[in-house]
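The primary structure of each chain is shown beneath.
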Amino acid sequence: MAYPFSDCEDRAILYAHLIKLFTDFPIIGVCYPGHVVTAIAVNEKPNRFIKKFIDTSNGRYYFADPTYKFLNIGFLRNKYYKQIPKIIEI
């Protein structure tokens, strides 16, 4: 990485832009105190073990956090599960 100092907001915005550029999946921003992630609405549940998603009036969005290595779609760090996020429509 040329600039290793990007934070979660930078990566979430870039990731959301790339998803919008290369797919037609709906995507939202999900803001927790001190952390921002993205969530993607896909046509089917990505994995039978995935249980973490956000239901909105526009559909079901699965977490897609671009800031942690090897974190698959539908997973979120444990410390955010019980917090209520702010949703940002993109």
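Owing to the predicted nature of the structure, the values given are computational and were not obtained by experimental measurement.

**Things to note about the packing of aromatic side chains**
Centre-to-centre distance and the angle between the planes together describe a pair of aromatic rings. Applying the stated criterion across every chain, the model contains two aromatic pairs. Taken together, a centroid distance of 5.2 Å and an interplanar angle of 40° make the contact between Tyr 32 and Tyr 80 tilted. Separated by 48 residues along the polypeptide, Tyr 32 in strand S1 (residues 27-32) and Tyr 80 in the loop between strand S4 (59-64) and strand S5 (86-89) bring together distant segments of the chain. As far as the burial class goes, Tyr 32 and Tyr 80 line up, both buried.

**Examining the sheet that holds strand S2 (residues 35-40)**
On the basis of which strands lie adjacent, the open sheet formed by five strands has the order S3-S4-S2-S1-S5 and antiparallel pairing. Edge positions in the sheet fall to strand S3 (53-56) and S5, since each has one partner strand and no second. On average, each strand axis in the sheet is tilted by 35° relative to the strand beside it, whichever way the strands run. Docked against the sheet, helix H1 (residues 8-22) engages S1, S2 and S4, running at close to 15° with respect to S2.

**So, the pattern of salt bridges**
For the structure on display, the rule yields one salt bridge. Between Arg 60 and Asp 55 there is a salt bridge whose closest N-O contact spans 2.9 Å.

**Remarks on the confidence of the model for the protein chain**
In this model, the protein chain carries an average pLDDT of 85, and 88% of its residues clear a pLDDT of 70 or more. Per-element confidence in the protein chain ranges from a low mean pLDDT of 86 for S3 to a high of 95 for S1.

Thresholds applied
Residues numbered from 1 in each chain as written. Predicted model: local features only at pLDDT ≥ 70, side-chain atom pairs only at ≥ 80, totals over all residues. Heavy atoms only, no water. Phe/Tyr/Trp six-rings, centres within 6.5 Å; stacked < 30°, edge-to-face > 60°. Helix = DSSP H or I, 4+ residues; strand = E, 2+ residues; numbered from the N terminus. Buried < 20%, exposed > 50% of the residue type's maximum accessible area, 1.4 Å probe, protein only. Pairing = 2+ DSSP bridges. Axes fitted to C-alpha atoms, helices over the stretch in contact; angles between N-to-C directions. Contact = heavy atoms within 4.5 Å. Salt bridge = Lys/Arg side-chain N within 4 Å of Asp/Glu carboxyl O. pLDDT = per-residue confidence, 0-100.

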